[in-house]
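# Summary of structural features
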Amino acid sequence: MLITFFELHLIIMRIILFIRSGLIIVLTVLLTGCFSDKPNELRFFEVETLTPIRIGLNQYELRGKVNNSNGENLYLGFLVDQFEENLNKKTSDNLFLDSMSGAFLNELNFRKSILINQDQNDYFYQAFAEDRINKRLVFGEVKSFSFSDLFSFFIVQPEAESIQNNSVNLKASINGFQKFSEEGLNHGFMIGKEGEDLEFDNENIILDTLGFINDDGIFESTIDSLDFNTPYKARAFLKSSDFFYSQNIVSFQIKDGWERKENAYSSLIKLRNGIAAVDEVNQIAYFGLGCSEDCNESRGLVNQLWSLQIQKSNGQDSLVIKKLRDFPVRFGLRQEGVAFIVEGNLYYGLGSILRSSAGRKYFKDFYQYNPNSNSWRQVKSFPVEKGRSGAVAFSIGNFGYVGSGEESFFALQDDFYQFIPPTTTNPSDSGEWKSIPPISGARSKAIGFVLDGKAYVGGGKIFNEDFVENTNSFMEFDPSNISQPWKEIEALGENINDARQDAVAFSLSNKGYVGTGFQIDGDTYLGDLWEYHPSSGWQQITNINLSGENRFLKDAVGFGLGGKGYIYGGSYKGGLLLLEETFNDLWIYTPKKEE
């Protein structure tokens, strides 16, 4: 059958129209797909598991975030379990599943507070988002949180500088607490000696309760009146009626240090430039005489004398301070005198007085105080022409020794004398002075102590090429060979910066102690304490931090009695006006016990 040209043309046109119609349909479908919503099952979003935040005692806030979604039709939540492998199962077995509507979204971040009993320390959790319409469930990474370090609670180990005398400063820190409740938890410290249980029902411990706390931060407390030479332990605590928490226990040692006798002896007046001497046989100390706040003329001069004895009562030491007979005014009041004790009697003399009209007067007379008769009498004067102030005195055996000092500010002396006391109370028996070898180096305002029958004298004010300065040199005197010269020993401290005048010195057992004082260079008051032993030399020990105020002293009196050291009075220049203040408090030093 032949097909005409017209019919062939018609067939071709129909084929073209059919193909065109198909292309249009295909394009229409494609274009329609481009301008309509994507199928729900093709939607894509991501979930992040954010770091949790501790908000309470056993409570955390879990946090998550959704990316690439506007939040519509999403349900959000967290999977929580004690074991990480359970989260990978994505089943409801042994899982804590919590979800919330997308309406709770806040800028595509979501969170949930969770309260868990602390039967396990560690937990794992995972944020998720579920599109329930399109059956799509997306999980974030797994993170963990823990209750093992409750509040990240710790106590700070006391450092050396936080232990002052017989007190300790303890610190503890809470992190992650952040307002656990309006009431909070009671907090504080428990302190006990080694061997004691740090428990609330132990009556032998110190319980320092500081009240309620409900926020992060550091809390601290200072515990006073601890025992010297005693090891302690402490721990901080948090407590409510049904909850108790305490973490690590720290240990610290109270060694040597100073203790102030509260309400001491209100009858004691303020004193400086006084004297102190100890009767080793009868274990009694004498102190007083000198001047108070005003050392000019006779207005501030002191003629009062006290004794101090130690009495045992129920295993505790108690101090008995007694006012003795005043030094007679007719003998001449003075400051910077010296004193020593021989055979139970106190000998006192020398010194000076500043007179506004006639300059400074120097004394050379000496007097005996007899404690049995509570009386004073004059003995033989010091064998010099002009008198002496700022000298040093000590006693060894049945003799007293006095030397050095100044006859005027520019006339420092190095001579020394032995005093042979009177053998009777007959006024004509006034004792005798005998010259002994001079100390090496003229000086004034030095200090001295006695160890094992030898005297150690040093420090003070010297002249060096016409300049006044302090020295830290020390000399040893051995009366068993009285004709031999003094022997120089190791200087006090590490260098000349430890030189001083107007210091205190005393001896305890087989060691000597030197502390406080004044340095001319820099107008500096000192508060350090040094210990001396003939076999090991000098060693710096606990500073004399009086009352925690860094109040240092010069012109105090010091003595050793009953195994402890004593400092009374003294002066210090401080405050905004830098005025010199004089004190009347009594401080007791307990030395470090031998290991």
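Residues numbered from 1 in each chain as written. Predicted model: local features only at pLDDT ≥ 70, side-chain atom pairs only at ≥ 80, totals over all residues. Heavy atoms only, no water.

## Looking at the overall build of the protein chain
Regarding its fold elements, the protein chain presents two helices and 48 strands. The buried share of the protein chain, taken over its 595 residues, is 48%. Counting every atom, the protein chain has about 30,500 Å² of accessible surface; 48% of that belongs to carbon and sulfur. (Helix = DSSP H or I, 4+ residues; strand = E, 2+ residues; numbered from the N terminus. Buried < 20%, exposed > 50% of the residue type's maximum accessible area, 1.4 Å probe, protein only. Areas by Shrake-Rupley, 256 points an atom, 1.4 Å probe, with all protein chains shown as cover.)

## Quick notes on the sheet that holds strand β26 (residues 366-370)
Judged by pairing direction, the sheet is antiparallel, and its four strands sit side by side in the order β22-β23-β26-β27 without closing on themselves. Here the strands that pair on one side only, and so sit at the sheet edges, are β22 (338-342) and β27 (375-379). Put simply, the sheet's adjacent strands are angled 25 degrees from each other on average, direction ignored. Bridge count for β22 against strand β23 (residues 345-349) is five bridges, and the pairing is antiparallel. Within β23, the position partnered with Val338 by the bridge is Gly349. (Pairing = 2+ DSSP bridges. Axes fitted to C-alpha atoms, helices over the stretch in contact; angles between N-to-C directions.)

## Some thoughts on the packing of aromatic side chains
Here the structure, examined in full by the defined rule, presents 50 aromatic pairs. Ring plane angle 50 degrees and centroid distance 5.4 Å describe the contact between Phe189 and Phe219, whose orientation is recorded as tilted. One end of the pair, Phe189, is in strand β11 (residues 185-193); the other, Phe219, is in strand β13 (residues 217-223), and 30 residues separate them in sequence. With a relative accessible area of 0%, Phe189 lands in the buried category. For the ring pair Phe449 and Phe474, a centre distance of 6.3 Å and an interplane angle of 35 degrees mean the geometry is tilted. A residue pair is termed long-range when its members are at least 10 positions apart, and Phe449 in strand β32 (residues 447-451) and Phe474 in strand β36 (residues 474-477) qualify at 25 residues. There is no split in this pair, since Phe449 and Phe474 are both buried. Here the aromatic residues Tyr286, Phe327, Phe331, Tyr348, Tyr367, Tyr369 and Trp376 are joined through ring pairs into a cluster of three or more. The ring centre of Phe200 lies 5.3 Å from the NZ or CZ of Lys239, which sits over that ring. Residue placement shows Lys554 over the ring face of Phe518; its charged tip is 4.6 Å from the ring centre. (Phe/Tyr/Trp six-rings, centres within 6.5 Å; stacked < 30°, edge-to-face > 60°. Lys NZ or Arg CZ within 6 Å of the ring centre and 35° of its normal.)

## Let's talk about the pattern of salt bridges
When their charged atoms lie close together, side chains carrying opposite charge are able to pair. Evaluated as defined, the whole model comprises 19 salt bridges. Between Glu406 and Lys461 there is a salt bridge, with its nearest N and O atoms 3.0 Å apart. Note that Glu406 is positioned in strand β29 (residues 399-408) and Lys461 in strand β34 (residues 461-464), a separation of 55 residues in sequence. For the pair Glu406 and Lys461, one class covers both residues: buried. (Salt bridge = Lys/Arg side-chain N within 4 Å of Asp/Glu carboxyl O.)

## A closer look at the pairing of strand β21 (residues 316-323)
Sheet analysis places strand β20 (residues 301-313) next to β21, joined by eight bridges and oriented antiparallel. Looking across to β21, one finds that Ile310 is bridged to Leu319. Counted along the chain from β20 to the antiparallel partner β21, the turn is two residues long, and its residue Asn314 has a positive phi close to 55 degrees.

## Thoughts on the confidence of the model for the protein chain
For the protein chain, per-residue confidence averages 84 on the pLDDT scale, and residues scoring 70 or more make up 82% of the total. Note on residues 92-97: pLDDT is under 50 here. Beyond four places in sequence and across chains, it has 14 contacts. For residues 101-106, every residue scores under 50 in pLDDT, and the model assigns this stretch nine contacts once sequence neighbours within four places are set aside. (pLDDT = per-residue confidence, 0-100. Contact = heavy atoms within 4.5 Å.)

## Quick look at the environment of Asp81
Considering the arrangement of structural elements, one finds Asp81 in strand β3 (residues 74-81). Overall, the relative accessible area of 7% leaves Asp81 in the buried class. Reaching out from Asp81, the side chain makes a polar contact with the backbone nitrogen of Phe83 at a distance of 2.8 Å. Within polar-contact distance, the side chain of Asp81 engages the side chain of Asn86 at 2.9 Å. (Polar contact = N/O pair within 3.5 Å; in protein donor to acceptor, adjacent residues only side chain to side chain.)

## Remarks on the side chain of Asn202
Relative to the assigned elements, Asn202 resides in the loop between β11 and β12 (206-213). Looking at Asn202, its side chain comes within polar contact range of the main-chain oxygen of Asp197, at 2.8 Å. Look past the residues within four positions of Asn202 in its chain and what remains in contact with it is Glu196 and Asp197.

## Remarks on the state of the cysteines
A full pass over the atoms with the stated rule returns one disulfide. Here Cys291 is linked by a disulfide to Cys295, with a sulfur-sulfur distance of 1.8 Å. On the sign convention where negative is left-handed, the bridge of Cys291 and Cys295, at about 60 degrees about the S-S bond, is right-handed. Judged by relative accessible area, Cys291 falls into the buried class, the value being 0%. A relative accessible area of 10% places Cys295 in the buried class. (Disulfide = S-S within 2.5 Å.)

## Topic: unusual backbone geometry
Negative phi characterises most residues that are not glycine, and trans characterises most peptide bonds. Residues other than glycine seldom take positive phi values, yet Asn273 does so here, at roughly 60 degrees. Along the polypeptide, Asn273 turns up in the loop between β17 (257-260) and β18 (275-279). The exposure class of Asn273 is buried, given its relative accessible area of 10%. Phi at Lys445 takes a positive value of approximately 60 degrees, unusual for a residue other than glycine. Following the sequence through the fold, Lys445 ends up in the loop between β31 (432-436) and β32.

## A few points about the sheet that holds strand β33 (residues 454-458)
Reading across the sheet, the four strands line up as β32-β33-β36-β37 and stay open at both edges, with antiparallel pairing between neighbours. The open sheet has two edge strands, β32 and β37 (487-489), and neither has a second partner. Across the sheet, the axes of successive neighbouring strands diverge by a mean angle of 30 degrees, strand direction being ignored.

## Side note on the pairing of strand β44 (residues 557-561)
In terms of burial, β44 is largely enclosed, as five of its five residues are buried. Side chains of β44 alternate between two faces, with Val557, Phe559 and Leu561 and Gly558 and Gly560 buried alike. The sheet contact formed by β44 and strand β45 (residues 564-568) spans five bridges and is antiparallel. Within β45, the position partnered with Leu561 by the bridge is Lys564. Hairpin connection from β44 to β45: two residues lie between these consecutive antiparallel strands, with Gly562 at a positive phi of about 60 degrees.

## Comments concerning the environment of Asp521
Position of Asp521 among the secondary structure elements: in the loop between β40 (518-519) and β41 (524-525). For Asp521, a relative accessible area of 58% translates into the label exposed.

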